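Analysis of the macromolecular model
One letter stands for each residue in the lines below.
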Amino acid sequence: MLDTATNRPELPPEIARRRTFAIISHPDAGKTTLTEKFLLYGGAIQMAGQVRAKGEARRTRSDFMQMEKDRGISVSASAMSFDYNNFRFNLVDTPGHSDFSEDTYRTLTAVDAAVMVIDGAKGVESQTQKLFEVCRLRDLPILTFCNKMDRESRDVFEIIDEIQENLAIDVTPASWPIGVGRDFVGCYDILRDRLELMDRADRNKVAESIEINGLDDPKLAEHVPAHLLEQLQEELEMARELLPPLDPQALLDGTLTPIWFGSAINSFGVKELMDGIGNYGPEPQIQSAQPREISPEETKVSGFVFKVQANMDPKHRDRVAFVRMASGHFKRGMKLTHVRSKKPMAISNPVLFLASDRELAEEAWAGDIIGIPNHGQLRIGDTLTEGEALRVKGIPSFAPELLQGVRAGDPMKAKHLEKALMQFAEEGAAKVFKPSIGSGFIVGVVGQLQFEVLASRIEMEYGLPVRFEQSQFTSARWVSGDKQAVDKFINANKQHISHDHDGDVVYLTRLQWDIDRVERDYPDVRLTATKEMM
Ligand code: G4P
């Protein structure tokens, strides 16, 4: 049957009830707290305070290593599934630190929507803006939660204006705060005409919710002090005049974001946001792929790897590939084709990530995220199907912004180092280049912290102390183009040429001038700063 709104086939109910999303925010805005409350209402945890993997941004290196030690937990935190009302929520964690932006980008290829959390006192901050732009590249629908309304916050119109101006997206209020800071009493739920009152005494208590019959309902005055009520009526009237109403299609197109006001720590506004994700958030979407796109309702199963996490248990060199199911109804034990190698893979131990546990996934539907333990066959960007040679598109690899040479402390262990580096490259934790002249490797990352994390992980997981050292190179570009021209270019520029872990040719540069020179002297050679991982 066709859905009249979208003119697409109606999804099977199991797929239609799935909501797969990520939370984006600037560090400290309250992502961890909000996640915790989601899990609490999803019945996934019993008590708030159990989500131990806190926002990476505030972590020092030692905190990060500790987290690596607690990997079981941090991994389950990278994808979490729970039920809420009739919905199945799949929440995919985005690393908070800007050093991990590539990982974040890939994570956002696996979701259908994003929840943007902003701090009511701070508005749109730098990291919010960056992450928002990544969502924009994919036209992801965004739902906004303005947090910390229990504290002094900015004027609501000012916050909304800032989002509209800085992020170039229309904003529609889904709720409206009543009072500011210490006077904050709760919100008026615009979508359902209800009054939600915050209980400051009990942080885990769900707000009292009172049905209201329009803004003239005398019930309002029973609960809201007169001066605040007057202000609320004025502001709502103004909001109705100045701001667009909630247009579900504009939300799905990514041109309009509804905003809820609340306080995650006080459990306030969280349920309304969850209801919003369920009622207005997108169902599992079509994935672009080659040679055709994949629709979620297709009966054949397909999925793609957007993240690989290795050495979760250092005693066994296992890895878990995080797979977003793109179509069909997967059942444990199914044989799927690994499209890149054309080999069949029996998926016998897929994992589902619940809040603090992993458990065997007996089944999964389009929209779900499952983990597949493997020995390295599965790489980021890989597609799994029931046989058809489909490849999901759009999972990019970015040119690193920092390059360093790396050596094993013990030169006899060079082979071990190569193995470790290749593994991290496949995991997507770093770029590894083998220069065509000389020995050793060049490692490329996006942020300095990644070098430190890598050095510690190589030592911890492979027992191999390593040294990072300065490199003459500062950036890297993938080389493509007419074969003859590329060969000629490689021969004449050997000192700049290297290969990445896939064997693709990479030109290492010292200055922008190097790139300009190539563009001038080799018009048939193309240098690119991104490559698709497929
Ligand atoms: P993040 O993951 O986005 O980095 O933020 P996180 O949830 O860790 O929250 C950052 C800080 O803001 C925490 O305080 C948290 O308790 C606080 N917070 C979260 N939601 C609210 C809210 O609605 N109102 C108020 N007033 N504060 C909120 P912290 O002192 O840094 O950490 P903690 O000691 O509370 O754990």
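Residues numbered from 1 in each chain as written. Predicted model: local features only at pLDDT ≥ 70, side-chain atom pairs only at ≥ 80, totals over all residues. Heavy atoms only, no water.

Some remarks on the overall build of the chain
Stated formally: Segments assigned H or I by DSSP are reported as helices when at least four residues long, segments assigned E as strands when at least two residues long, and all are numbered from the N terminus. Per-residue accessibility, obtained with a 1.4 Å probe over protein chains only, is compared with the maximum for each type, and a residue is labelled buried under 20%, exposed over 50%, and partly exposed between these values. Note on contacts: a residue pair qualifies if any of its non-hydrogen atoms lie within 4.5 Å across the two residues. Values of accessible area rely on a 1.4 Å probe in the Shrake-Rupley scheme; residue burial ignores everything except the protein chains shown.
Within the chain, the regular secondary structure consists of 15 helices and 35 strands. Every one of the 534 residues in the chain was classed for burial, and the buried ones make up 57%. Put simply, 71% of the contacts in the chain that link residues at least 6 apart link residues at least 24 apart. When the accessible surface of the chain is totalled, it reaches about 23,100 Å², and 48% of it is carbon and sulfur.

Structural notes on the environment of His-26
As for its position among the elements, His-26 is in the loop between strand S3 (18–25) and helix H2 (31–41). On the accessibility criterion, His-26 (17% relative accessible area) is buried. As a C-alpha pair, His-26 and Gln-285 span 259 residues in sequence and 27 Å in three-dimensional space. The residues touching His-26, leaving out its near neighbours within four places in the chain, are Val-117, Glu-125, Ser-126, Gln-127 and Thr-128.

A few points about the nonpolar core
Heads up, the rule is: Take the buried residues of types Ala, Val, Leu, Ile, Met, Phe, Trp, Tyr and Cys, join any two whose side-chain atoms come within 4.5 Å, and each joined set is a nonpolar core.
The biggest cluster of nonpolar side chains holds 83 residues, and the ones touching the most others in it are Ile-163, Trp-176, Phe-330 and Ile-370. Residues Tyr-84, Leu-91, Val-115 and Ile-277 belong to the second largest nonpolar core, which totals 26 residues.

Thoughts on the sheet that holds strand S29 (residues 441–445)
Selection criterion: By this definition, two strands are paired if DSSP reports at least two bridges between them. Only C-alpha atoms enter the line fits that serve as axes; for helices the fit covers just the stretch in contact. Angles between N-to-C directions range over 0 to 180 degrees.
If you walk across this open sheet you meet the 8 strands as S30-S27-S29-S28-S32-S33-S31-S34, and the pairing is antiparallel. With one partner strand each, in any of the chains shown, strand S30 (466–470) and strand S34 (525–528) form the two edges of the open sheet. For this sheet the average axis-to-axis angle between neighbouring strands, irrespective of direction, equals 40 degrees. This element, helix H14 (residues 483–492), spans strand S31 (475–481), strand S32 (497–499), strand S33 (505–509) and S34 of the sheet and lies at about 140 degrees to S31.

Some words on the packing of aromatic side chains
What counts, and what does not: Any two of the Phe, Tyr and Trp rings considered here, Trp counted by its six-membered ring, make a pair once their centres fall within 6.5 Å; the pair's planes then place it as stacked at under 30 degrees, edge-to-face at over 60, or tilted in between. Placement of a charge over a ring requires the Lys NZ or Arg CZ to be within 6 Å of the ring centre, with the centre-to-atom vector within 35 degrees of the ring normal.
Summed over the entire model, instances satisfying the criterion amount to 13 aromatic pairs. Between Phe-184 and Phe-268, the aromatic rings sit 5.7 Å apart at their centres with planes inclined by 80 degrees, giving edge-to-face as the arrangement. Taken together, the residues Phe-184 in the loop between strand S9 (175–178) and strand S10 (186–189) and Phe-268 in the loop between strand S13 (256–261) and helix H11 (270–280) connect sequence positions 84 residues apart. One exposure class covers both Phe-184 and Phe-268, and it is buried. Here the guanidinium or amino end of Lys-434 rests over the ring plane of Phe-441, the centre of that ring lying 4.9 Å away.

Focus on the sheet that holds S3
Here 7 strands make up an open sheet; going across it, the order is S4-S5-S3-S6-S7-S13-S8 and the pairing mixed. Only two strands of the sheet have a single partner each, and these edge strands are strand S4 (79–84) and strand S8 (170–173). Mean inter-strand twist for the sheet, computed between neighbouring axes without regard to direction, equals 30 degrees. Pairing between S4 and strand S5 (residues 87–92): 6 bridges, direction antiparallel.

Brief notes about the confidence of the model for the chain
We apply this condition: What pLDDT conveys is the predictor's confidence in a given residue, as a value from 0 to 100.
Here the chain averages 87 in pLDDT, while 88% of its residues score no lower than 70. Contacts for the low-pLDDT stretch residues 52–65, under 50 throughout, to residues beyond four places or in other chains number 31 contacts. Predicted confidence is poor over residues 67–76, with pLDDT under 50, and the contacts of this stretch with residues over four places away or in other chains come to 21 contacts. Interface predicted TM-score (ipTM) for the complex: 0.98; the corresponding pTM is 0.83.

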